[in-house]
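Structural features, examined
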Amino acid sequence: MLLWVAAAAIGILVTFILIFKYTKTGKNDVIGYSSKCKKCGEETNGLKCPKCESVKKDWR
Ligand SMILES: [Zn+2]
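Residues numbered from 1 in each chain as written. Predicted model: local features only at pLDDT ≥ 70, side-chain atom pairs only at ≥ 80, totals over all residues.

**With respect to the overall build of the chain**
Tallying secondary structure elements over the chain gives three helices and zero strands in all. Ordered by position from N to C terminus, the α and β elements of the chain give α-α-α. (Helix = DSSP H or I, 4+ residues; strand = E, 2+ residues; numbered from the N terminus.)

If you want it as structure tokens, here you go:
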């Protein structure tokens, strides 16, 4: 019985930590959608990154 209680307490604690981490990083990051460019971190608001796009164009 004690083991069950301890396991439940640890489980709740872990979920709380995960929720705290997710809320800290932002809901957008949880969904997989970020307002910032993944490559350079420039704010794009979901649009294509102007910096990385220009780099791609230069590559061609
Ligand atoms: Zn970029």
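**A look at the UniProt feature "transmembrane region" (unreviewed entry) in the chain**
The UniProt entry lists residues 6–23 under the feature "transmembrane region" (unreviewed entry), expressed in the numbering used here. Helix makes up 100% of residues 6–23 and strand 0%, with an end-to-end C-alpha separation of 26 Å. (UniProt positions renumbered as here; feature names shortened; annotations may be inferred.)

**Overview of the environment of Lys38**
Tracing the backbone through its elements, the reader meets Lys38 in the loop between helix 2 (27–31) and helix 3 (50–59). We classify Lys38 as exposed; it has 10 C-beta atoms within 10 Å. Each C-alpha atom, one on Lys38 and one on Cys49, is 9.1 Å from the other, the two residues being 11 residues apart in sequence. (Buried ≥ 20, exposed ≤ 12 C-beta atoms within 10 Å, placed from the backbone.)

**Thoughts on the confidence of the model for the chain**
In the predicted model, the chain carries a mean pLDDT of 76, and the fraction of residues at 70 or more is 70%. Mean pLDDT across the elements of the chain bottoms out in helix 2 (51) and peaks in helix 1 (residues 2–25) (88). (pLDDT = per-residue confidence, 0-100.)

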